[in-house]
Structure formats: C-alpha cells, structure tokens
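Letter by letter, the chains look like this.
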Number of protein chains: 2
Amino acid sequence: MEIATLGEFGLIDRLTKDITPQNASTLRGVGDDCAVLDYPQSQVLVTTDMLMEGVHFDLTYTNLKHLGYKSAMVNISDIFAMNGTPRQMTVSLAISKRFTVEDIELFYEGLRLACQKWGVDIIGGDTTSSYTGLAISITCIGEAQKEDIVYRNGARNTDLVCVSGDLGAAYMGLQLLEREKNVYYGQYNDLRKRIDEAQKAYDKAVATQSPNSPTPQLLKSQIAKLKSQLSDLATPDFSGKEYLLQRQLQAEARGDIVEKLRQAGIRPTAMMDISDGLSSELMHICKQSGVGCRIFEKELPIDYQTAVMAEELNMNVTTCALNGGEDYELLFTVPIGDLERIKEVEGVRLIGHITEQRFGQVLVTRDGQEFELKAQGWNPLS
Amino acid sequence: MEIATLGEFGLIDRLTKDITPQNASTLRGVGDDCAVLDYPQSQVLVTTDMLMEGVHFDLTYTNLKHLGYKSAMVNISDIFAMNGTPRQMTVSLAISKRFTVEDIELFYEGLRLACQKWGVDIIGGDTTSSYTGLAISITCIGEAQKEDIVYRNGARNTDLVCVSGDLGAAYMGLQLLEREKNVYYGQYNDLRKRIDEAQKAYDKAVATQSPNSPTPQLLKSQIAKLKSQLSDLATPDFSGKEYLLQRQLQAEARGDIVEKLRQAGIRPTAMMDISDGLSSELMHICKQSGVGCRIFEKELPIDYQTAVMAEELNMNVTTCALNGGEDYELLFTVPIGDLERIKEVEGVRLIGHITEQRFGQVLVTRDGQEFELKAQGWNPLS
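Thresholds, definitions, all that
Numbering of residues starts from 1 in every chain and runs along the sequence as written. As they are written, the chains are lettered A onward and the ligands numbered 1 onward, keeping that order. The predicted origin of the model limits local features to residues at a pLDDT of at least 70 and limits the giving and counting of side-chain atom pairs to 80 or more, whereas totals for whole chains, interfaces and linings rest on all residues. The basis for the side-chain values is all heavy atoms of the structure; hydrogens and waters are excluded. Only strands joined by at least two bridges in the DSSP assignment are considered to pair. Runs of H or I in DSSP of at least four residues are treated as helices and runs of E of at least two as strands, each being numbered from the N terminus. Where helices are involved, their axes are fitted lines through C-alpha atoms of the stretch in contact, as for all axes, and angles between N-to-C directions lie from 0 to 180°. Residues are treated as being in contact if the distance between any of their heavy atoms lies within 4.5 Å. Here the quantity called buried area is the total loss of accessible area, with a 1.4 Å probe, experienced by two parts when brought into contact, counted for both. Salt bridge criterion: a side-chain nitrogen from Lys or Arg within 4 Å of a carboxyl oxygen from Asp or Glu. Asp, Glu, Lys and Arg are counted as charged, while Ala, Val, Leu, Ile, Met, Phe, Trp, Tyr, Cys and Pro are counted as nonpolar; the rest, among them Gly, fall into the polar class. Centres within 6.5 Å are what make two rings of Phe, Tyr or Trp a pair, Trp counting through its six-membered ring; a difference in plane orientation under 30 degrees is then read as stacked, over 60 as edge-to-face, and the rest as tilted. Whether a charge sits over a ring depends on NZ of Lys or CZ of Arg being within 6 Å of the ring centre and within 35 degrees of the ring normal. The rule is simple: take the accessible area with a 1.4 Å probe, protein chains only, and divide by the maximum for that residue type; under 20% is buried, over 50% is exposed, in between is partly exposed. Along the arc lie the directions from the helix axis toward the C-beta atoms. The quantity known as pLDDT measures the predictor's confidence residue by residue, on a range of 0 to 100.

### Digging into the sheet that holds strand S8 (residues 270–273) of chain A
All names here are of chain A.
And step 1. Ordered by their spatial adjacency, seven strands build an open sheet running S8-S10-S7-S11-S9-S12-S13, and the pairing between neighbours is mixed. Each edge of the sheet is formed by a strand with only one pairing partner; in this case those strands are S8 and strand S13 (370–372). In this sheet, neighbouring strand axes are inclined to one another by 25° on average, regardless of whether the strands run parallel or antiparallel.
And step 2. Bridge analysis of S8 against strand S10 (residues 330–334) gives four bridges, and the strand direction is antiparallel. Across the sheet, methionine 272 pairs through a bridge with leucine 331, a residue of S10.
And step 3. Against the sheet, helix H7 (residues 255–263) touches strand S7 (160–164), S10 and strand S11 (348–356), its axis set at about 15° to S10.

So, in structure tokens, the structure goes:
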C-alpha cells in the first residue's frame, strides 16, 4: 500500500495503535504535542542517533526488520553504557516514495522487538517524507540512580580495562556483505549487458532477414540461455559465517552485562559502548579521565569466524578488532580491587589496565612490541 | 572549510565548545554516551521533529541561520503547547558534501539564538553525513508541574476557543517566496540560455571570419549586454511584505502567551500549537476531547499583509487562515467562566466555543452560513 493512501496521521495511527506503555515513568505516550514522563526518584539519561540510508545502512542486504531492530538497539546501548535502564524512545522517520506502508510496518516490527526485549516504551516521534532514501532519528531515554551513573571520565591509574563479548565481527560482517554485493552485482550487471547486446543483434538481424533464418534463431536461443542464467544467479552462500552477519545486521545492546556487573557488586569507574571501534573509544575514556592505558593484543577477544574472515580478506585481525566499528560491546574500567570478582563474570574479558597519562595509550603486541594506539575508527564525515 | 577537514568529533567540538548548561536540571550535557538530567519535582515533557531539505525547507531562499532558529523554535513551541517550560535540546544533523563548516556554524548560530531566548540547553545530538541534502532532527525536553500540564483532550462543552497572534501569514510568506523564486529563476534561466546561444553564434562566426569583422563584433556586444542584465537581475522586492517573510522564515514559539495566561490566572483546558493549520488542530482537540466546536469566520485573526497577499494571489484568505500551516500560534480552550479575564490578555483572540460532539465542527461564515470544518492541512506524506 502506498503511504500517501494513509497520510501522516493514518500511518502513525497504524504503527502505534497497539503500543501500550509498560513503564510507570511513561505518563503519556504518542498523541499529544509532547510525551509526559515522571522521574521523581532518579536521574534521566538522554541519547540520540541518526541513521541515513547509504551512509549507515544499505538496503541491498539489510532488511527493514533488522534495520528497525538495530536502530533501536544502538540507542538502548548508549543507556546501558551509562549503567542506566532504558525506558522510553521517540522514533522519527523520513521516508521516500519507494517505501510502502508494509515496509514501514516491517521496520516497526524490528523496532518493537528490540524495545520489548528491554522494556522500552515508544512514546512518540515524527513521520515525514524525504526526497531520497530513508532517514531515521531515534532518541532514547533512560533512568539511573545518581550514584550508579558511570561516565567516561572516571577511569583511574591501575584500574583494569575490560570489554564484553568479542570485537571486530560486525566489521567483518560488513566486509563480507559488501564483497558479496559486489560479486553478485558484478555478475548481474555482466549478464544484463550481454542480454542487451544479444537483443540488439537480434533486432538488427530480423530487420533484414526472416526471424526463422539461422542467425536470429541462434541469437534467440542465446538470449533465452542468458536470461535463465540471470534468474539462476546464485544468492550468496553465507554458511559458516552466520555469526558475522548476525553481528552486523542484528546488533545487541549488552544490558545482560550491566545486570551481571550489578549482581557481582561491581560498579565500573568509566564505561562506554563500542560503536566506532575499541581504539577510538579507549581514547575517549583516557582523554576524559586524564589517564593512559596499556592494552594487550593477546587479550583482545576475537571470535573464530572473525579470524577466519580476516585471513580470507587478507586483513590484520587485530586491526579489525581495534578499529572495526559497530560492535556495541561495553568497554569499561573497574578498580584493581575487583580483579577476582570481574574474572568470575561470564562474557567479560580483561584486556589491559589504566596507567598515568604520561605513558600514553599503548598496545602491547603478541611479540612484546609497544605501539601508540591510534583512533582509526569510522568517521562518518570523512 | 570542508567538514571532512575537522571530522565528526572536531566539528562537534567546534559547534559545542562554548555551550554551558544554564538549567539546574542539566547535570551533564554534550560529551558522554548520554546527557544526564534531573527532574525530581516536576514531570518531563519530550517532543521531537524532523526537518528534511526539499520537503520542509528550501535553501534557495532560507538562510541557514534562520533555519537553525526555526528548527529550534518549532520544537520549543511543542513544550509551550503543553503549558510547560523548555529546558534541554538534542540536535542531530545529517549533512551532504556541499555544506561547509561555516554553513553549519551559521545553522548553530540560529539554533543557539532561539535556545538562548527561552533558556534551553543544547545537551547533545549526532552529526553525520547524508548523500543528498540536509536532514535535521531535534528533540526538546521541558518540564511542568503535574497540575499545570495541558493536554489536547481536556476541552469541555461551553469552553471558549482562543488563538494567539494571527493566522495564515506564514503560509502567505511561503507562497510569496515560491512565486519570487519562480520569477527570478525564470528570468535567470532565460538570460543564461540567450547568452549560451549568442556565444555559440560568436564561436561559429569567428571560425570563418576575423573577430574584428561586423558580425562577431555585434555578437560580442550582445553577449556583454546580456551578461550585464544577468548580473543586474533584480533580487525580489519584498517591501510591504516583510511580516509575511518573517512569519515564514523566523517562526516564534509563543512562550510569552503561556506566561501571560499564567499571570492572568488562566489554565487552558486543552491546548496545542498550530503547525498544520487551524482546522486540522481543532479537529485533534475535538476528537481527543470528545466534543464539537463552533468557530466564527469573522473572528479569525488575520494580519493586513496576509489579506493583501491572498487577494494578490487570488486566494481565499479564510481558507489560508484555516489551513495554512506553520503559524506556531497557540490554539487553546478556556472555561467560559474565564471570559472576562481572557478578554484582557493581549494577543489572544476568541474565535468560537466548544459544543457537544453531536453538533460537529462548524465554521460560521460572515454571512451566517454554516460549514463542516475539514482538515486540509499540509500532509507531508501525500
């Protein structure tokens, strides 16, 4: 169904009709000039992210349900990165003419799946049109007790540096998808070109001879063969690489880690989520905390599929783990006194420690060499 | 300066370096995964708006400072429409390559002017790139005491219907700008075409004869004349229509009206801001409040310039006032007992009253005819 059939209010009604706020702090959601929230006992966390088609996502290989899920998760992830609990979300979409009502419903399905997973209420937004492509802007609101909030600036000398999960897989997933896209489209375009050429030759031939003479007949069968090749064109085989795709297409916010740390009685001294790559985020924490750090290459958590894919693409897997973005894992520091406790927390890896600022941000390689860490993370404006 | 020179973090630093939060509720602004707010004594209002180049604004005649100002104001307006006080704002921009650092600084200049006017802190956002055009997404956060918040659903039978300021001027301003744009570009393109033709004739002539012979000399002087006409091309004369332009390009949120109502001891029963046109907004209030209304054409506040422009464009000025969008005036209802008090509030006009739902939404024309109001407001998705 075309979106114009419903209009703005019709579409919003359809997308939000069975949204019922679950949180006590959501007093009023969709339907007025503003949503109304109530946070008398805790502090309010606010984060926002904008995702543009062609820059942040490619709909050639991203389905809209995954995109909705990821758009919500990357915002929820920022609330967890403050040691908070996500509660509400506003969702703004600018939609070009090529999208249907069903497309946007699919996007909302993914969005709501992510929100349901973490108990987040969709409380409003804006739905409008765009000249080209899809633009998504989400603002997520959460809460935390004042004493629980973890900023980026709290890391202290001797603190331990930890990350959750593993690194570089989302980046490898992106490389894989881009490669397959190029291969697939390379073959597709090649076949289309050959069909066009054969069709032109056929048209030329039948202009001077009967369609039943040998040349047109030969060209006709050639065209049929190429068309059949086109329709048989193999869709990419991703077997053995499912984890990489999942990490790229279906990011997960690590609320489970936040909960585990809480249960273990550990309060990180600094924390952020890894969206631009470990190096870049480490530098934010070090800069804002006025400290240095020492990270060990051999401790970087890397999945087997990430390593295999890096090898296949002739890339350095450590570089991928340090600078590949979109992991949405948590990077945090804990006091050295928590060493024994943090070792017990499943899914967390100790990768180094905080030093005095004058020692800089150092990576110690497997063979004991030391390098200054550089932020080569993804720059959306370069 | 090209934006890529600074990169995302460099640009954000530059835009936000001298932003100092002014509100006690802003505990932490730009610079972490989330902003941190504190609202122990009041309820939190959240609104968001997305503005897309080519859909919501045209940079042919909108300068970026005005655009920044308006982008902030339309969000601030939604907080006032709940009878609240705006406090914080997140600002997300997606910027295509044609914009420079100076362009974005200009946008921020306007943004900050609007924020300073109403004491709003910019607490974060996202800055990224877009393939085409500029996309703006703003979320504004405000506060209100629970008992002060005015929803759309509180209008009751016999309540008085009021609007602030005057209606239709922003829409007339847009019509004026679009007309002048077409005239100017019509002349511009015509002259460019004639210059190209003369240039071609000149090139052709000098291929066979000396540049000093009569034909090339004539063509040369023709080209010079056309070029001088091009550079003299009159920029549009807007004298006598300044108010229309101001209303279109430089929207103002009516916090002054909210304050005046408070001082007069009047609490509206329902309120919203007029962004899509009076008819459309009246229907929201009536639908959500379960009431009807009776509006009088002769009471609609219309500025002299609006009326003149409508006449010039051969449009019905009442239709413009009812359905032209972007006025950002306040539409509200007050109990009939406030009649004497509301009459004393400067800048507010009584335009009708609320009825039982079964009477529908009625416009009474100057000659006493009655029509059912229809929402013909601007539909961004049609």
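### Focus: the interface of chain A and chain B
And step 1. Each partner contributes residues to the interface: chain A has 70 residues there, and chain B has 70 residues.
And step 2. Together, the buried faces of chain A and chain B total about 5,400 Å²; carbon and sulfur atoms form 56% of this surface.
And step 3. At the boundary of chain A with chain B, the tally comes to four salt bridges.
And step 4. Two residues, arginine 152 of chain A and aspartate 33 of chain B, come together in a salt bridge whose shortest N-O distance is 3.4 Å.
And step 5. No other element matches the nine residues that strand S3 (residues 43–52) of chain A contributes to the side of chain A that touches chain B.
And step 6. Its residues assigned to classes, the side of chain A that touches chain B shows 33 nonpolar, 24 polar and 13 charged.
And step 7. Direction of pairing for S3 of chain A relative to strand S2 (residues 35–38) of chain B: antiparallel, over a ladder of four bridges. What sits directly across from leucine 45 of chain A, in S2 of chain B, is valine 36 of chain B.

### With respect to the packing of aromatic side chains
Two aromatic rings are characterised by how far apart their centres lie and by the angle between their planes.
And step 1. Inspection of every chain in the model, using the stated rule, returns six aromatic pairs over all chains.
And step 2. On the numbers, 6.4 Å between centres and 20° between planes, the contact of tyrosine 184 of chain A with tyrosine 188 of chain A is stacked. With tyrosine 184 of chain A and tyrosine 188 of chain A both in helix H4 (residues 169–208) and four residues apart, this pair spans about one turn of that helix.
And step 3. Judged by centre distance (4.8 Å) and plane angle (75°), the rings of phenylalanine 80 of chain B and tryptophan 118 of chain B are edge-to-face. Pair noted here: phenylalanine 80 of chain B is in helix H2 (residues 64–80) and tryptophan 118 of chain B is in the loop between helix H3 (101–117) and strand S5 (121–129), with a separation of 38 residues, a long-range link.
And step 4. The ring centre of tyrosine 151 of chain B lies 3.8 Å from the NZ or CZ of arginine 28 of chain A, which sits over that ring.

### Side note on helix H7 (residues 255–263) of chain B
Residue and element names in this part refer to chain B.
And step 1. All buried positions along H7 are accounted for by Gly255, Ile257, Val258 and Leu261. What you see down the axis of H7 is that its buried residues fit within an arc of 160°, all on one side.
And step 2. Looking at the buried residues of H7, the elements they touch are H2, strand S7 (160–164), strand S10 (330–334), helix H11 (339–343) and strand S11 (348–356).
And step 3. Glycine 265 sits one or two positions beyond H7 and adopts a positive phi of about 75°.

### Brief notes about the side chain of threonine 139 of chain A
And step 1. Tracing the sequence through the fold places threonine 139 of chain A in strand S6 (residues 135–144).
And step 2. Setting aside residues up to four positions removed in sequence, threonine 139 of chain A forms contacts with Val46, Thr47, Thr48, Gln88, Met89 and Thr90 of chain A together with Thr90 and Thr139 of chain B.

### Quick notes on the confidence of the model for chain A
And step 1. Taken as a whole, chain A shows an average pLDDT of 92; of its residues, 98% reach a score of 70 or greater.
And step 2. Here the predicted complex scores 0.87 on pTM and 0.85 on ipTM.

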